[in-house]
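If you want the building blocks of each chain, they are given just below.
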Amino acid sequence: EKGGYEHFMAKEIMEQPKAFRETVFPRIHEGRVALDELTVTREYLEGLDKVCIIACGSSYHVGMAAKYTLERLLRKNVEVTLASEFRYCDPIVTHRTLALVISQSGETIDTLAALREARRLGARVLSIVNVVGSTIARESDDVLYTWAGPEIAVATTKAYSTQLALVYLIGLCFADLLGTIGRAEYDEIVAELLRIPAKLESILEHREDVQYFASIYFNHPSIFFIGRNIDYAVGMEGSLKLKEISYIHSEAYAAGELKHGTISLIEPGTLVVALASYGKLYEKLMSNVVEVKSRGADVLGLTTRTHAEAMAKTVDHVIAVPDTHPMLLPTLDVVPMQLFAYYVALMRGCDIDKPRNLAKSVTVE
Ligand code: F6R
């Protein structure tokens, strides 16, 4: 049942090219995104004043990446709120709010309760769900399913990447309806989406490199993930993966925030995972890398092939992912982060598929 792998998590990491393909390809016809399941109209979108993303855990991290993507594509405000906070923050939600609810299981109690509250306040609910017929799917106005297949490991992997895939499709579809994207960029992103599965395969083929880096760092007591923009969103996910399955304390930081406090924790031997895939901010991120290096940190870098050679001059090790449209980078970047957490946990002898104290579906508050 584990398909020859030692753990479900390894199997599910390896299934990502297929899961991405099955989620995306049937929804692209002749170069156009077709979300036939959706009943949202152009008039509705034009009247929308904001999108409110609601989710927990890794699904919330998809929401963090989605905010950058959707605000850019739609030129609408996008808020991301933890489902467990939503009901208690007196949210500003009206009939002009689209609630975008993200959940693998479709049963997370906080997410469900937030969905109900958003509906009560007048929002329309579009959900991204993996489990067909789950409660969140049933209670939404529109549902887009991630076709990731059953996810068994407690730590999510293929659900995260397929949720992201649907965010891109939603962004393209809505931007097209709103007229906020030019034809050339639309075509370029669609073409790149179709190339993602092959790029994921190539990252997975090099998984032994990540295993090697994990063998160097698996005993570090504390790890920082730094990034800017989408790299920060992926850093949050990388940090959560590592914490939940390897029990190493880690934190994700927006790199520009380091000097507002956190940098005092950096000392010789601290591991910093520096995510520098977003080309536009590469130089900015590298100036933060220099700061942590000069305080003695070990730095494991993640960037695109374009910048790999340059980054290697400053950091200790570099993981390079294939280049793609900048918006789509998180789908590629997250895979080495998942692999790093997996191999670190493996070397520490942790119970990878069932980490202590955690449940796959959180149905209590
Ligand atoms: C992390 C993880 C959790 C879930 C969270 C939300 O690897 O799996 O953080 O992402 O519990 O679960 P869903 O997406 O089922 O609502």
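Residues numbered from 1 in each chain as written. Predicted model: local features only at pLDDT ≥ 70, side-chain atom pairs only at ≥ 80, totals over all residues. Heavy atoms only, no water.

- The name an unreviewed UniProt entry gives the protein is Glutamine--fructose-6-phosphate aminotransferase [isomerizing], with Lawsonibacter faecis as the organism.
- Quoted verbatim from the Function (unreviewed entry) field of UniProt, the annotation for the protein is "Catalyzes the first step in hexosamine metabolism, converting fructose-6P into glucosamine-6P using glutamine as a nitrogen source." (UniProt positions renumbered as here; feature names shortened; annotations may be inferred.)

## Some words on the overall build of the protein
Stage number 1. On a plain count of helices and strands, the protein comes out with 14 helices and 12 strands.
Stage number 2. Its C-alpha radius of gyration of 20 Å places the protein within 12% of the 21 Å reference for a compact globule of 365 residues.
Stage number 3. With respect to the principal axes defined by its C-alpha atoms, the protein has extents near 55 × 45 × 40 Å.
Stage number 4. Here the protein holds 365 residues, and 59% of them are scored as buried.
Stage number 5. The long-range fraction of contacts in the protein, counting pairs at least 24 apart against all pairs at least 6 apart in sequence, stands at 76%.
Stage number 6. Entry remark: accessible area of the protein is about 14500 Å², with carbon and sulfur atoms responsible for 51%. (Helix = DSSP H or I, 4+ residues; strand = E, 2+ residues; numbered from the N terminus. Rg over C-alpha atoms; globule rule 2.2 N^0.38 Å. Buried < 20%, exposed > 50% of the residue type's maximum accessible area, 1.4 Å probe, protein only. Contact = heavy atoms within 4.5 Å. Areas by Shrake-Rupley, 256 points an atom, 1.4 Å probe, with all protein chains shown as cover.)

## A word on the environment of Leu 172
Stage number 1. Tracing the backbone through its elements, the reader meets Leu 172 in helix α8 (residues 158-178).
Stage number 2. With a relative accessible area of 0%, Leu 172 lands in the buried category.
Stage number 3. Considering only alpha carbons, one finds Leu 172 and Ala 34, 138 residues apart in sequence, at a separation of 9.7 Å.
Stage number 4. Excluding anything up to four places from it in sequence, Leu 172 contacts Val 33, Leu 73, Ile 181, Tyr 186, Ile 189, Val 190 and Leu 193.

## Here's the deal with empty space enclosed by the protein
Stage number 1. In total, this model carries 1 cavity of 30 Å³ or more according to the counting rule given.
Stage number 2. Reported here for the largest cavity is a volume of approximately 40 Å³.
Stage number 3. Taken together, Val 51, Leu 70, Leu 74, Leu 98, Leu 100, Leu 126, Ile 170 and Phe 174 make up the lining of the largest cavity.
Stage number 4. Partitioning the lining of the largest cavity into residue classes produces 8 nonpolar, no polar and no charged. (1 Å grid on protein atoms, 1.4 Å probe; cavity = no way out; pocket = protein on both sides within 12 Å on 5 of 7 lines; lining within 4 Å. Points joined across faces, edges and corners; volume = space filled by probe spheres on them. Nonpolar A, V, L, I, M, F, W, Y, C, P; charged D, E, K, R; others polar.)

## Structural notes on helix α2 (residues 16-24)
Stage number 1. Taken together, the buried positions of α2 are Gln 16, Pro 17, Ala 19, Phe 20, Thr 23 and Val 24. Looking straight down α2, one finds its buried side chains confined to an arc of 165 degrees; they lie on one side.
Stage number 2. The secondary structure elements touched by the buried residues of α2 are α1 (8-14), β1 (28-29), β7 (142-145), α8, α9 (183-205) and α14 (329-347). (Arc of directions from axis to C-beta.)

## Observations regarding the packing of aromatic side chains
Stage number 1. On inspection of all chains with the given rule, the structure shows 3 aromatic pairs.
Stage number 2. Between Tyr 212 and Phe 213 the ring centres are 5.7 Å apart and the planes differ by 55 degrees, which places this aromatic pair in the tilted class.
Stage number 3. Accessibility expressed as a relative area gives 9% for Phe 213, which makes it buried.
Stage number 4. On the basis of an interplanar angle of 70 degrees and a centroid distance of 5.3 Å, the ring pair of Tyr 342 and Tyr 343 is categorised as edge-to-face.
Stage number 5. Since its relative accessible area comes to 6%, Tyr 342 is described here as buried.
Stage number 6. Between Arg 32 and the ring centre of Tyr 186, over which it is positioned, the NZ or CZ distance is 4.4 Å.
Stage number 7. Stacked on the ring of Tyr 44, the Lys or Arg Arg 124 has its end atom at 5.4 Å from the ring centre. (Phe/Tyr/Trp six-rings, centres within 6.5 Å; stacked < 30°, edge-to-face > 60°. Lys NZ or Arg CZ within 6 Å of the ring centre and 35° of its normal.)

## Topic: the pairing of strand β12 (residues 317-321)
Each regular strand displays side chains that alternate between the two surfaces of the sheet.
Stage number 1. Buried residues dominate β12, accounting for 4 of its 5 residues.
Stage number 2. Summarising the sheet, strand β11 (residues 298-304) and β12 pair through 5 bridges and their orientation is parallel. Residue Leu 302 lies in a different strand from β12, and its bridge partner there is Ile 319.
Stage number 3. Between the parallel elements β11 and β12, the chain passes through helix α13 (residues 305-312) in a crossover that is right-handed. (Pairing = 2+ DSSP bridges. Right-handed = clockwise from strand over helix to strand, strands pointing away.)

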